[in-house]
Amino acid sequence: MYIRNNLAVILVAGTMLGGIAYTAEAASTTAAQTETKGAVVPNKAIDKDVGRLSQDGAQALADIQATRLAIFNAKPDEAKTFINKAKDELQKASKDEAVFMKAEADLTKPTKAPVAGDAKADAKPASATPIQWLPVDSQLTLGEDFKATPEKVAAITEANKSLKTSDRQGALEKLAVADVDVEFITAALPLNQTVTDVGKAADLINQGKFYEANAVLKDVTDNAMLNIVDIYGQPYKAKAEKPANAAAVTPSTDKAAAPKG
């Protein structure tokens, strides 16, 4: 899943889905597009809630970033303005229907460049207790096994048109008709912890403790996790690594249990 390395969950400028990212193979097929004919609708129900976002939550994250930037640029008044906005937006976001329950262990940690001496992420195992998560950014990407055909490329083109008009459900339906393997990657923040930390940062800023406030806000963005599901709402599971002597291994007969990329 290459997109996990590129999703900038802490640099969100806007939260509308920016279209579907697809491979070079798909792009090279664009010239051969034809009208979709004889497409069969898969016998699956699309999860209408997949990829839902909280606009208030996304704006709060943007204001958290703006607060950190104001601190860096030694603009205390701006920092106070942005952190107070973030507090208000999080209060609104806490009642958002987009908030979902899930255990941290069922989510994916964004890939980050290793930092020397930073062992915080490995300090404790991910919790298996479901908590509330606030979805603040989302992106569509094609599955690793995607193979371009004129019908599928045409469906992607039409789906992108729907996304430009914020018709998410229409886009999903167009992709499903052509049986295009698409995954939603949603960046989410732990709701209660985020509300607590932003409140703490606001108090520190009011006390003139800007360095400490910035450290707390960095933790807020570092707590972001990825919820990866396909368009039918099925959770993403990483593929198992092939053993070195794969040719000598008897393949499993339980094909139904094999996770999708």
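A quick note: this is a predicted structure, and the numbers were derived from the prediction, not measured. (Residues numbered from 1 in each chain as written. Predicted model: local features only at pLDDT ≥ 70, side-chain atom pairs only at ≥ 80, totals over all residues. Heavy atoms only, no water.)

A. Highlighting helix α2 (residues 55–72). Taking 1.5 Å of rise per residue, 18 residues should cover 26 Å, and α2 covers 26 Å from first to last C-alpha, within 8% of that figure. Among the residues making up α2, those that are buried are Gly57, Ala58, Ala60, Leu61, Ala62, Asp63, Ile64, Gln65, Ala66, Thr67, Ala70 and Ile71. Along its buried surface, α2 packs onto α3 (76–93), β3 (130–142), β4 (182–190), α6 (191–206) and α7 (210–222). Alanine 74 occupies a position one or two residues after α2 and carries a positive phi of about 55°. (Helix = DSSP H or I, 4+ residues; strand = E, 2+ residues; numbered from the N terminus. Expected span 1.5 Å × (residues − 1). Buried < 20%, exposed > 50% of the residue type's maximum accessible area, 1.4 Å probe, protein only. Contact = heavy atoms within 4.5 Å.)

B. Representation of the packing of α2 against α7 within the structure. Running from N to C, α2 and α7 cross one another at 150°; their axes reach a closest spacing of 10 Å. Taken as a pair, α2 and α7 cross one another with a handedness that is left-handed. The segment α2 lies against α7, with Leu61, Ile64, Gln65, Thr67, Arg68 and Ile71 engaging Phe210, Ala213, Asn214, Leu217, Lys218, Val220 and Thr221. The class makeup of the residues in the contact of α2 with α7 is seven nonpolar, four polar and two charged. (Axes fitted to C-alpha atoms, helices over the stretch in contact; angles between N-to-C directions. Left-handed = near helix turned anticlockwise from the far one by under 90°. Nonpolar A, V, L, I, M, F, W, Y, C, P; charged D, E, K, R; others polar.)

C. Broad picture of the pattern of salt bridges. Applying the stated criterion to the full structure yields three salt bridges. Between lysine 85 and aspartate 63 there is a salt bridge, with the nearest N and O atoms lying 3.6 Å from each other. Here aspartate 63 lies in helix α2 and lysine 85 lies in helix α3, a separation of 22 residues in the sequence. Since its relative accessible area comes to 3%, aspartate 63 is described here as buried. Note that lysine 218 and aspartate 222 form a salt bridge whose closest N and O atoms lie 2.6 Å from each other. With lysine 218 and aspartate 222 both in helix α7, this residue pair falls four residues apart, about one helical turn. (Salt bridge = Lys/Arg side-chain N within 4 Å of Asp/Glu carboxyl O.)

D. The side chain of threonine 194, seen in detail. Structurally, the position occupied by threonine 194 is in helix α6. The exposure class assigned to threonine 194 is buried, which follows from its relative accessible area of 3%.

E. Local environment of the packing of α3 against α6. The N-to-C vectors of α3 and α6 enclose an angle of 155°; their axes lie 10 Å apart at closest approach. Judged by the inter-axis angle, α3 sits roughly antiparallel to α6. Handedness of the crossing formed by α3 with α6: left-handed. Contacts between α3 and α6 involve Ala79, Lys80, Ile83, Ala86, Lys87, Leu90 and Gln91 on the former and, on the latter, Thr194, Val195, Val198, Gly199, Ala201, Ala202, Ile205 and Asn206. Counted by class, the contact of α3 with α6 contains nine nonpolar, four polar and two charged residues. (Parallel < 35°, antiparallel > 145°, perpendicular 65-115°, else oblique.)

F. Spotlight on the nonpolar core. Counting residues in each nonpolar core, the largest one holds 29 residues, and the members touching the most others are Ile83, Leu134 and Val198. Elements represented by at least two residues in this core include exactly α2, α3, β3, β4, α6, α7 and β5 (225–230). Sorting elements by how many residues they give to this core places α6 first, with six residues. Discounting chain neighbours no more than four positions away, the residues touching valine 198 are Ile64, Ile83, Ala86, Lys87, Leu90, Leu217 and Val220. Of all hydrophobic cores here, the second largest spans 17 residues; its members include Leu163, Ala171, Leu175 and Phe184. (Core = buried A, V, L, I, M, F, W, Y, C linked by side-chain atoms within 4.5 Å.)

G. Broad picture of unusual backbone geometry. Of note in the backbone geometry, alanine 74 takes a positive phi value of approximately 55° without being a glycine. For alanine 74, a relative accessible area of 63% translates into the label exposed.

H. Looking closely at the pairing of β3. Sheet topology note: the strand β2 (residues 100–103)/β3 ladder contains four bridges and is antiparallel. Note that in β3 the partner of alanine 103 across the bridge is proline 130. Sheet topology places β3 next to β4; nine bridges connect them, and they run antiparallel. Note that in β4 the partner of threonine 141 across the bridge is glutamate 183. (Pairing = 2+ DSSP bridges.)

I. Fine view of the confidence of the model for the protein. The pLDDT averaged across the protein works out to 73; a share of 64% of its residues lies at or above 70. At the low end of the mean pLDDT range in the protein sits helix α1 (residues 24–29), at 38; at the high end sits α6, at 98. With pLDDT under 50 throughout, residues 1–19 is counted as low confidence; its partners more than four residues away or in other chains account for 52 contacts. The model gives residues 21–43 a pLDDT under 50, and that stretch makes 40 contacts with residues more than four places away or in other chains. (pLDDT = per-residue confidence, 0-100.)

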